[in-house]
Amino acid sequence: MPESFNASPLSRDNWTRAAIVLIAGFAVLRILALAISPVSLYQDESQYWVWSRQFDWGYYSKPPMIAWLISLSTGLFGDSDFAIRLPATLLHTATATFLMLSARQLWDERAGFWTAALYLTMPGIWLSGFVISTDAVLFVAWSGGLYALLRLRADRGWGAAIGLGVALGFGFLSKYAMIYFLVSTGLAILFDAPTRRALLGLRGGAALAIFLALLAPNLAWNAANDFATVTHTAANANWGGDLFHPGELFEFLAAQLGVFGPVTFGVLATIFGLTIASFLRADPDQRLLVLYSVPPLAVVAVQAFISRAHANWAAATYVAGTLLVVGFLLRGATWRRWALYGSIGLHTVIGIIAIALAASPALVVALGAADATKRIRAWDVTAEQILAAAESDDYAMIVFDDRNAFHQMQRYAPQLEGRMAMWLRYSGPTNHAEDVWPLAEDQAGRLLVISNRPREVPRLREDFDRFEAVGRLAIPLDGAYTRDFTLWEAEGYQRVERDEAYEIRWQAFDASDEAPPARGYSGDGR
């Protein structure tokens, strides 16, 4: 980015004040929106809340930081959905602040303001700002680590070295996608002389030591728990089936337009191409930012082509990516500034529409967007109906076949605490609910089985001596959608061995797409 920034009529102090007001204003508005939000917790949010009730150095599918933050927030502000989600807004506020500081370190205060503005209005952040997720925690660590590296690269101070080590440690305690930061750092050492001088010395060694000290307890937890979190993370790659899916790659890349914005993603891709084409001759700061944004996107794109990938798996790209886009659009031809301002305006409109959809079922129906909101509606009503079914008779245990419904009942039907269990589809647990609350193999008495996985009903039936339909639930959601469960009374739990023959038999059944065996309700969930 060798061109100079265009002159600005505002002073450096005014741009700094404007950035602070912008960041604080977004934080206040999002906190107020959270306080009045009618939206139920998403299933993963409820799972994180479950984790937060017991301190540990790791959990089944994620490192511990998100549970720690929820525990801190609910301890201070009460056990409400608002308190569970509050850290999300504060985390994005911190990330915007680190990015503003990084832009100031690289360029000037004006760039700091527009970097914060672009990040806070990014389409993906409009959603993430109201949902407690591991991405929100990762972004703080990534942006803080990047700012510390820029400072260390510029003046090699001990404070920056300590900050880098802390950011790395907290990042890995938040989400293992922080490993991309290490990959980027290795590339930076190879290709960026200031980074190499900053890190290959005592200060770099101190940062590494702090990082390893913070990570050690989580590594010890994983070792004591058969590396459950690492194994689950690897299993998400899903390389066991047919490989090579160009359609998945196209869908993943198309989804990035919705995460980062259509114009801004196009600009970012252009910067990547221009920088890589003249890599060794590129501006050192631009090259460094490319090194800290390309690896997540490139690796996950390959993963999408080989198997599958969710849109947010490459989200770390857009931390340094935001800096790249702002640095590019604030320089050169006038159209670039208009592209930046227009993108921020477009993203703001998208964000406001998304908030309105979450708050107004009527608007959801009018726009035909019910499919996007069905997972966050009516979990309190769902809990009331499941609780009524559970209390309709003297059941020894309430059994679920879906961990999402199980965790939602832990959150919204606390009266069932100690009376719920998870049926295990496979030979061992595949999620936290199955790991901690499996249906005991010696479980006696009459059980109420609540299923919302129709294809699992025949498998469920095979594990019991008696398995009879007793009802169904259909909870209205937005539009014509309903949340459907079939209810079954079961006795004589004798779990069929999940050996190779078992899996082959049921895989053949799934491939045939034949109707489940008739007995009581068909189990089709309709």
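Presented here is an overview of the structure given in this document. (Residues numbered from 1 in each chain as written. Predicted model: local features only at pLDDT ≥ 70, side-chain atom pairs only at ≥ 80, totals over all residues. Heavy atoms only, no water.)

**Focus: the overall build of the protein**
What counts here: Numbering of helices and strands runs from the N terminus; a helix is a DSSP stretch of H or I covering at least four residues, while a strand is a stretch of E covering at least two. Atoms counted for the radius of gyration: C-alpha only. Globule rule: 2.2 Å times residue count to the power 0.38. Only protein chains enter the area calculation, which uses a 1.4 Å probe; residues under 20% of their type maximum are buried, those over 50% are exposed, and those in between are partly exposed. The contact criterion used throughout is that any non-hydrogen atoms of two residues lie within 4.5 Å. Note that accessible areas follow from Shrake-Rupley with a 1.4 Å probe, and for residues the cover is restricted to the protein chains shown. Counted as positive: Lys and Arg. Counted as negative: Asp and Glu. His and the chain ends are not counted at all. To locate a charge, the coordinates of NZ of Lys, CZ of Arg, CG of Asp or CD of Glu are taken.
Secondary structure summary: the protein contains 25 helices and five strands in total. Computed over its C-alpha atoms, the radius of gyration of the protein comes to 25 Å, within 12% of the 24 Å expected for a compact globule of 526 residues. Viewed in the frame of its principal axes, the protein has a C-alpha envelope of about 75 × 50 × 45 Å. Evaluated residue by residue, the protein yields a buried proportion of 51% over its 526 residues. Considering only residue pairs separated by 6 or more positions, the protein has 74% of its internal contacts joining residues 24 or more positions apart. Surface exposure of the protein reaches about 22,600 Å², of which carbon and sulfur atoms provide 63%. For the protein, the distance from the average site of its 41 positive side-chain charges to the average site of its 48 negative ones is 12 Å.

**What about the packing of helix 13 (residues 246–260) against helix 16 (residues 294–306)?**
As a reminder of what qualifies: Throughout, an axis means a line fitted to C-alpha atoms (over the contacting stretch in the case of helices), and angles, computed between N-to-C directions, take values from 0 to 180 degrees. As a working rule, the residues Ala, Val, Leu, Ile, Met, Phe, Trp, Tyr, Cys and Pro are called nonpolar, Asp, Glu, Lys and Arg charged, and the rest polar, with Gly in that last group.
Axis separation between helix 13 and helix 16 bottoms out at 7 Å; the angle between their running directions is 140 degrees. Here P246, E248, L249, F252 and Q256 of helix 13 come into contact with helix 16, specifically with L297, V300, A301, A304 and F305. Tallied by class, the residues present in the contact of helix 13 with helix 16 amount to eight nonpolar, one polar and one charged.

**Observations regarding the side chain of H347**
Relative to the elements of secondary structure, H347 occurs in helix 18 (residues 334–359). The exposure class assigned to H347 is buried, which follows from its relative accessible area of 1%. If we skip the residues at most four places from it in the chain, H347 touches L118, T121, M122, P123, W126, F260, G261, P262 and T264.

**Notes on the packing of aromatic side chains**
Filter applied, for reference: Ring pairs are drawn from Phe, Tyr and Trp, using the six-membered ring of Trp, whenever the two centres fall within 6.5 Å, and their geometry is named by plane angle: stacked under 30 degrees, edge-to-face over 60, tilted for the rest. By definition, being over a ring means that NZ of Lys or CZ of Arg is both within 6 Å of the ring centre and within 35 degrees of the ring normal.
Following the criterion strictly, the structure yields 25 aromatic pairs and no others. Consider the rings of W15 and F113, whose centres lie 5.3 Å apart with planes at 50 degrees: the pair is tilted. Within this pair, whereas W15 is found in helix 1 (residues 12–36), its partner F113 is found in helix 5 (residues 109–120), the two being separated by 98 residues in sequence. Comparing W15 with F113, the two get one shared label, buried. Between W506 and F509, the aromatic rings sit 5.1 Å apart at their centres with planes inclined by 80 degrees, giving edge-to-face as the arrangement. Of the two residues, W506 and F509 are both situated in helix 25 (residues 500–512); the distance of three residues between them amounts to about one turn of the helix. Under the relative-accessibility criterion, W506 is labelled buried at 6%. Ring pairs connect the aromatic residues W15, F113, W114, W338 and Y341, which therefore count as one cluster. Positioned over the ring face of Y426 is R425, at 4.3 Å from the centre of the ring.

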